[in-house]
Amino acid sequence: MISLADADFLALIVMVLATAPCIYRVLYGPTLPDRIAAEDAMGNALVVIFGLYAYRESSIFLMDVAMLLAIISFVGTVVVAKYLDKGEVL
Amino acid sequence: MTTVITKTVAKICLMVDMLYSIDLLLIGGNRPGGGFIGGVLCACGIGLIYVAYGYEDIKKIWNPDWHSWFGYGLLFASITALSPLLAGHNYFRSAFDIRPIELMGYEVGELELVSSMFFDLGVYFVVVGGLLFIVTKVGTDKVKDPEGGQ
C-alpha cells in the first residue's frame, strides 16, 4: 500500500518517461506529421508534469505555466496542421 | 479557410485566451504574470483566428495597424517610466495606494492601485502589436518559386 505522496511521485516519474518516445520521434521521425504529432503529445505530457509538480509542491504558480503551455501548444499544432494541409499559413 | 471544427474550436479558444490574457495582465507584480506574457497570449488568440478563418476574410472586418499599436505602446511605457522624474523621484519609481472598497456603507474589501500597471499596459500593447505585425507580414509573403530559386 503506497501513500498519496508516493503515488504522485510515481505519476511524475511515469509522465517523465512518457516524454522519452516523443523525443525520439521528434528527432528521428521519418515525416513532418510524425514530428508534429509527437511534439503535441510531448506538450500534453509536459502540461500534466507541471500540474502534478504544482500539486506536489502545494504551489499555485506552476498551474499558470501549465495553462499557458496548453494554449500555446494547441495554437502551434493548429498552425503547422494548416501548413501541411494547405501549403500556406495565413 | 479551414474546416468547421477548426473554426468552432478557434472561437472557444479565443474567449479563453482573452480572459486569461487580461487576468495575467492584472495580476502581474504579485504573482507570475504581467504585460509580456499577457500580450503573448492575446497575440496567440488573434493569430489563431487569423489561421482558422483566413487573413483576407478577417481583414475585411477588422484590420488595425499593428505597427501603430507597437509605437503607441512604446510611447505609453516610456512616458510612464519618465513621469516620476517630474515629481523629483528616481527613474522607474512606482507608487502604490490601498483603497477600501465600500458597498452600501460596509467595507467589503480593498483595492491595490499601482502605477506600474500603466507600464505593464504599455508592454502589453508593444508585444501584441509587434508579434501580430510580424505574423501578418511574414504570413502574407508569397513565395514565387517553391523550389527555392529566384
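Before reading on, note that the structure itself is shown above.
Residues numbered from 1 in each chain as written. Chains lettered and ligands numbered in written order. Predicted model: local features only at pLDDT ≥ 70, side-chain atom pairs only at ≥ 80, totals over all residues. Heavy atoms only, no water.

1. Topic: the overall build of chain B
Now for step 1: Regarding its fold elements, chain B presents five helices and two strands.
Now for step 2: Across chain B, helices and strands are ordered from the amino to the carboxyl terminus as α-α-α-α-β-β-α.
Now for step 3: Against the compact-globule benchmark of 15 Å for 150 residues, chain B has a radius of gyration of 20 Å, which places it well outside the compact range.
Now for step 4: Based on the C-alpha atoms only, the size of chain B along its principal axes is roughly 65 × 40 × 25 Å. (Helix = DSSP H or I, 4+ residues; strand = E, 2+ residues; numbered from the N terminus. Rg over C-alpha atoms; globule rule 2.2 N^0.38 Å.)

2. A few points about the interface of chain A and chain B
Now for step 1: Taken together, the contact between chain A and chain B spans 15 residues of the former and 25 residues of the latter.
Now for step 2: Across the chain A-chain B interface, the total number found is zero salt bridges.
Now for step 3: Class assignment for the residues of the side of chain A that touches chain B results in 11 nonpolar, no polar and four charged. (Contact = heavy atoms within 4.5 Å. Salt bridge = Lys/Arg side-chain N within 4 Å of Asp/Glu carboxyl O. Nonpolar A, V, L, I, M, F, W, Y, C, P; charged D, E, K, R; others polar.)

3. A closer look at the nonpolar core
Now for step 1: One finds Ile 46, Leu 48, Tyr 50, Trp 66, Val 128 and Leu 132 of chain B to be the most contacted residues of the largest nonpolar core, which totals 22 residues.
Now for step 2: Counting only elements with at least two residues in this core, the list comes to helix 3 (61-86) of chain A together with helix 1 (4-27), helix 2 (35-53), helix 3 (55-61) and helix 5 (116-139) of chain B.
Now for step 3: The leading source of residues in this core is helix 2 of chain B, at 10 residues.
Now for step 4: Those residues in contact with Leu 48 of chain B that lie beyond four places of it in its chain are Phe 74, Val 75 and Val 78 of chain A together with Ala 10 and Cys 13 of chain B.
Now for step 5: By size, the runner-up hydrophobic cluster in this structure holds six residues, among which are Ile 71 of chain A together with Tyr 20, Ile 27 and Leu 41 of chain B. (Core = buried A, V, L, I, M, F, W, Y, C linked by side-chain atoms within 4.5 Å. Buried < 20%, exposed > 50% of the residue type's maximum accessible area, 1.4 Å probe, protein only.)

4. Section: helix 2 (residues 32-56) of chain A
All names here are of chain A.
Now for step 1: Between its first and last C-alpha atoms helix 2 spans 36 Å; for 25 residues at 1.5 Å apiece the expected length is 36 Å, and the two agree.
Now for step 2: For helix 2, every residue scored as buried is listed here: Ile 36, Ala 38, Gly 43, Ala 45, Val 47, Ile 49, Leu 52 and Ala 54.
Now for step 3: Where helix 2 terminates, the next one or two residues include Ser 58, which has phi positive at roughly 55 degrees. (Expected span 1.5 Å × (residues − 1).)

5. Things to note about the environment of Lys 59 of chain B
Residues and elements named next belong to chain B.
Now for step 1: Take Lys 59: it is sitting in helix 3.
Now for step 2: Here Lys 59 falls in the partly exposed class, since its relative accessible area comes to 35%.
Now for step 3: Remark: the alpha-carbon pair of Lys 59 and Glu 102, spanning 43 residues in sequence, is separated by 45 Å.

6. Observations regarding the packing of aromatic side chains
Residue and element names in this part refer to chain B.
Now for step 1: Within the structure shown, the criterion is met by nine aromatic pairs over all chains.
Now for step 2: Consider the rings of Trp 69 and Phe 125, whose centres lie 5.4 Å apart with planes at 65 degrees: the pair is edge-to-face. Remark: Phe 125 occurs in helix 5 and Trp 69 occurs in helix 4 (residues 66-82); sequence separation between them is 56 residues.
Now for step 3: With a centroid separation of 6.4 Å and an interplanar angle of 75 degrees, the aromatic rings of Phe 76 and Phe 118 are classed as edge-to-face. (Phe/Tyr/Trp six-rings, centres within 6.5 Å; stacked < 30°, edge-to-face > 60°.)

7. Some points on the pairing of strand 2 (residues 106-114) of chain B
Now for step 1: When strand 1 (residues 96-103) of chain B meets strand 2 of chain B, the two strands line up antiparallel, connected through eight bridges. Bridge pairing in strand 2 of chain B places Ile 98 of chain B opposite Glu 112 of chain B. (Pairing = 2+ DSSP bridges.)

8. Here's the deal with the pattern of salt bridges
Now for step 1: As enumerated under the stated definition, the model contains three salt bridges over all chains in all.
Now for step 2: A salt bridge links Asp 8 of chain A to Arg 56 of chain A; the shortest N-O distance between them is 3.2 Å. Here Asp 8 of chain A, found in helix 1 (residues 4-28), pairs with Arg 56 of chain A, found in helix 2; they are 48 residues apart in sequence, far enough to count as distant.
Now for step 3: According to the relative accessible area criterion, Asp 8 of chain A is buried, its value standing at 11%.
Now for step 4: Of the charged contacts in the structure, one is a salt bridge between Lys 60 of chain B and Asp 57 of chain B, with a shortest N-O distance of 3.6 Å. Of this pair, Lys 60 of chain B and Asp 57 of chain B are both found in helix 3, three residues apart, which corresponds to roughly one turn of the helix.
Now for step 5: Among the residues examined, Asp 57 of chain B registers a relative accessible area of 30% and is labelled partly exposed.

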